[in-house]
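# Observations on the three-dimensional arrangement
Okay, here's what each chain looks like letter by letter:
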Amino acid sequence: MSAYPRTIAVGYDGSPDAVAAAHWAMATARLLGAHLVLVHARGMLGRLDRRDPRTIFAAPVADLVESTGFDPTRLSWHDTDGDACSVLLRCAEAPVFADLVVVGSRGRDEHAGMLLGSTSLQLAERSPVPVVIVPTSPGA
Amino acid sequence: MLIVNDPLDDLGHEDPGHPERPDRLVAVRHAIAQLDLGGDQVNVAARAATRTELAAVHEGAYLDELGAFCYEGGGDIDEDTYATYDSWALAQVAAGAGLVVVDELRRRGEGVGFVSVRPPGHHALADRAMGFCLLNNVAIAAAALRGDGERVLIVDWDVHHGNGTQTIFWNDPDVLYVSTHQWPLFPGSGVASEVGGPRAVGATLNLPLPAGATGDVVRRALDEVAAPVIEEFAPTWVLVSAGFDGHLADPMADFALSSGDFARLASWAASFAPRDGRLAFFLEGGYDLAALRDSVTATLAAALGDSMASEGETSGGPGEEQIRRSMRERASSLELVRDQLADGAAP
Ligand SMILES: [Zn+2]
């Protein structure tokens, strides 16, 4: 096992929290020379709307790449069916093999408050690899 | 004899364009009408489940939050799940419907129960709504039975894994949770190595199957892997999380099941009820209305010992290799957890 993460996985659903997490993960991956995998968990309705996250989120991800100076050839997507927590927990396994998982402090739907539970806390409790929880800057 | 709850006043729980919609219960009412049971159908009035009954499964803070969220007008809870002003009241009645159907079965000591409700329940966790589900209806009924000393088998044949039900009874040796589901698929849990908590090792049994799975594959998984475990468990009650989104026509997933397959699954589940009056089906998913209607008719007819499937059973789909793999994964996981327990370590 390397002293530094070689593959960083970051949960990405387009929310301000996810953008903050992806920015941190991308900047860190650049410093460490690591690969970065943007992980998109597709919910039940995602089966009816099969748009590719690479397309949906092309513009904000391009902005992140530019602002962090990250090498886009080291960037990939993992788009899979599931609840965000389950999907991120499995990122330590094939095919992602992440050795660090990064998430925003809340999901997309913070207005629903605790009805959603907290993906980041569940993940931190159960993940087999280190987890970084990135807070959204105030007012974001 | 079929024991079913009165139709719910569910029109207020709707999000235009969302597949979990009031027309689903219209389709189910047609399904029940197709059975043409006359005096062999008993309708019972549903009531709201009490706070105590809900709290046997759900955390008090979650119940408070869900009620407050609805009274403020509701909205999207996550990308899949919505609630409206009326949803809190409806969800409590949906949970209560399961309790009154079970009570009526106990009072009569005969019949087959059908809990015709929405929103569905099996994804709802103790402290979290998800996957279209707000309150876990089948778990609330199972918890009530378990509180009376019963040993409850929950068979979940919805195409999605019932992560909520599994988690709620994870460490409960008196509830055996058996699920067949497509994998990978939402919610992402339900691999065979998930076998239950330290006090209930083996009381969770997952049979993940690939897209395209047909009836013969689902039955083989249940017969070869689940049946011996259920026989050893010896349930006193059988509750079925009956989702019909595994039908070939359903847009939410990729199983290839027919109404005839659901009839066969219903007979299979019924065979584990120790006697008449100990079997109830809870509506979970099912989003193609014609497939839902015909599958509910076929299921209930089969459970009542009749045959009304409009489609034959299916066969020849993939999954044989997955069943073998699941058996191996379950066996090694059971061994690992038992070794850890023997060593005194928390698994
Ligand atoms: Zn389902």
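Refer to the preceding data block for the structure.
Now for a description of the structure that goes with this document. (Residues numbered from 1 in each chain as written. Chains lettered and ligands numbered in written order. Predicted model: local features only at pLDDT ≥ 70, side-chain atom pairs only at ≥ 80, totals over all residues. Heavy atoms only, no water.)

Helices and strands together make up the secondary structure of chain B, namely ten helices and ten strands. Relative to a compact globule of 347 residues, whose C-alpha radius of gyration would be 20 Å, chain B shows 19 Å and is just as compact. Across the 347 residues that make up chain B, the buried fraction comes to 60%. If you take every contact in chain B between residues at least 6 apart in sequence, the share linking residues at least 24 apart comes to 78%. When the accessible area of chain B is evaluated, it comes to approximately 11800 Å², of which 49% is carbon and sulfur surface. Each charge sign in chain B was given a centre, from 24 positive and 52 negative side chains, and these centres are 5 Å apart. (Helix = DSSP H or I, 4+ residues; strand = E, 2+ residues; numbered from the N terminus. Rg over C-alpha atoms; globule rule 2.2 N^0.38 Å. Buried < 20%, exposed > 50% of the residue type's maximum accessible area, 1.4 Å probe, protein only. Contact = heavy atoms within 4.5 Å. Areas by Shrake-Rupley, 256 points an atom, 1.4 Å probe, with all protein chains shown as cover. Lys, Arg positive; Asp, Glu negative; His and termini not counted. Charge placed at Lys NZ, Arg CZ, Asp CG, Glu CD.)

All names here are of chain A. Strand order in the open sheet formed by five strands is E3-E2-E1-E4-E5, and the pairing between neighbours is parallel. Two strands lie at the open edges of the sheet, namely strand E3 (75-81) and strand E5 (131-134), each paired on one side alone. Going across the sheet, the axis of each strand differs from the next one's by a mean of 25°, ignoring polarity. Sheet topology note: the strand E1 (residues 7-11)/strand E4 (residues 100-104) ladder contains three bridges and is parallel. (Pairing = 2+ DSSP bridges. Axes fitted to C-alpha atoms, helices over the stretch in contact; angles between N-to-C directions.)

Residues and elements named next belong to chain B. Relative to the elements of secondary structure, Thr314 occurs in the loop between helix H9 (289-303) and helix H10 (320-342). Here Thr314 falls in the buried class, since its relative accessible area comes to 18%. Polar contacts involving the side chain of Thr314 include one to the main-chain amide nitrogen of Gly215, which spans 2.7 Å. Residues within four places of Thr314 in sequence aside, it is in contact with Thr214, Gly215, Asp216, Ala256, Leu257, Ser258 and Asp261. (Polar contact = N/O pair within 3.5 Å; in protein donor to acceptor, adjacent residues only side chain to side chain.)

Below, the discussion takes up unusual backbone geometry. For residues other than glycine, phi is negative in most cases, and the peptide bonds are mostly trans. Cis rather than trans, the peptide bond between Trp183 of chain B and Pro184 of chain B has omega equal to 0°. Residues Phe186 of chain B and Pro187 of chain B are joined by a peptide bond in cis, for which omega reads 0°. Considering the arrangement of structural elements, one finds Pro187 of chain B in the loop between strand E7 (175-182) and strand E8 (204-209). The backbone of Phe97 of chain A shows a phi angle near 55°, a positive value even though the residue is not glycine. Despite not being glycine, Asp36 of chain B shows a phi value in the positive range, around 50°. Considering the arrangement of structural elements, one finds Asp36 of chain B in the loop between helix H1 (23-35) and strand E2 (41-44).

The subject of this paragraph is the coordination of the zinc ion. Residues and elements named next belong to chain B. The protein atoms that coordinate the zinc ion are Asp158 (OD), Asp158 (OD), His160 (ND1) and Asp245 (OD), at distances spanning 2.0 to 2.7 Å. Taken together, the four donor atoms coordinating the zinc ion and their angles of 53 to 153° define a geometry best described as irregular. Binding-site remark: the zinc ion is held by donors from one chain whose sequence spacing is D-x1-H-x84-D. Of the two residues, Asp158 sits in the loop between strand E6 (152-156) and helix H6 (163-168) while Asp245 sits in the loop between strand E9 (237-242) and helix H8 (259-270), which places them 87 residues apart along the sequence. The same class applies to Asp158 and to Asp245, which are both buried. (Donors = N, O, S within 2.8 Å, 3.2 Å for Na, K, Ca; no water. Tetrahedral: all angles 85-135°; square planar, octahedral: opposite > 155°, others 65-115°.)

Before going further, it helps to examine the sheet that holds E9 of chain B. Residue and element names in this part refer to chain B. The parallel open sheet is built from eight strands, whose spatial order is E2-E1-E5-E10-E9-E6-E7-E8. Of all the strands in the sheet, the pair left with one neighbour each is E2 and E8. Going across the sheet, the axis of each strand differs from the next one's by a mean of 15°, ignoring polarity. Across five bridges, E6 lies against E9 in parallel orientation. Across the sheet, the residue bridging to Val155 is Val240, located in E9. Each of E6, E7, E9 and strand E10 (279-283) touches helix H5 (residues 137-147); the most contacted strand, E9, lies at about 175° to it.

Residues and elements named next belong to chain B. All chains considered together, the criterion is met by 28 salt bridges over all chains. Salt-bridge contacts for Glu104 lead to Arg107; the nearest nitrogen and oxygen are separated by 2.9 Å. Of this pair, Glu104 and Arg107 are both found in helix H4 (residues 87-108), three residues apart, which corresponds to roughly one turn of the helix. Under the relative-accessibility criterion, Glu104 is labelled buried at 11%. (Salt bridge = Lys/Arg side-chain N within 4 Å of Asp/Glu carboxyl O.)

Next up on the list: the pairing of strand E5 (residues 112-115) of chain B. All names here are of chain B. Neither face of E5 is left uncovered, since the one carrying Val112 and Phe114 and the one carrying Gly113 and Val115 both have all their residues buried. Both strand E1 (residues 2-5) and E5 contribute to a ladder of three bridges, which runs parallel. If you follow Ile3 over to E5, its bridge partner there is Gly113. In terms of strand pairing, E5 meets E10 through four bridges, oriented parallel. Considered in E10, the bridge of Gly113 is made with Ala280.

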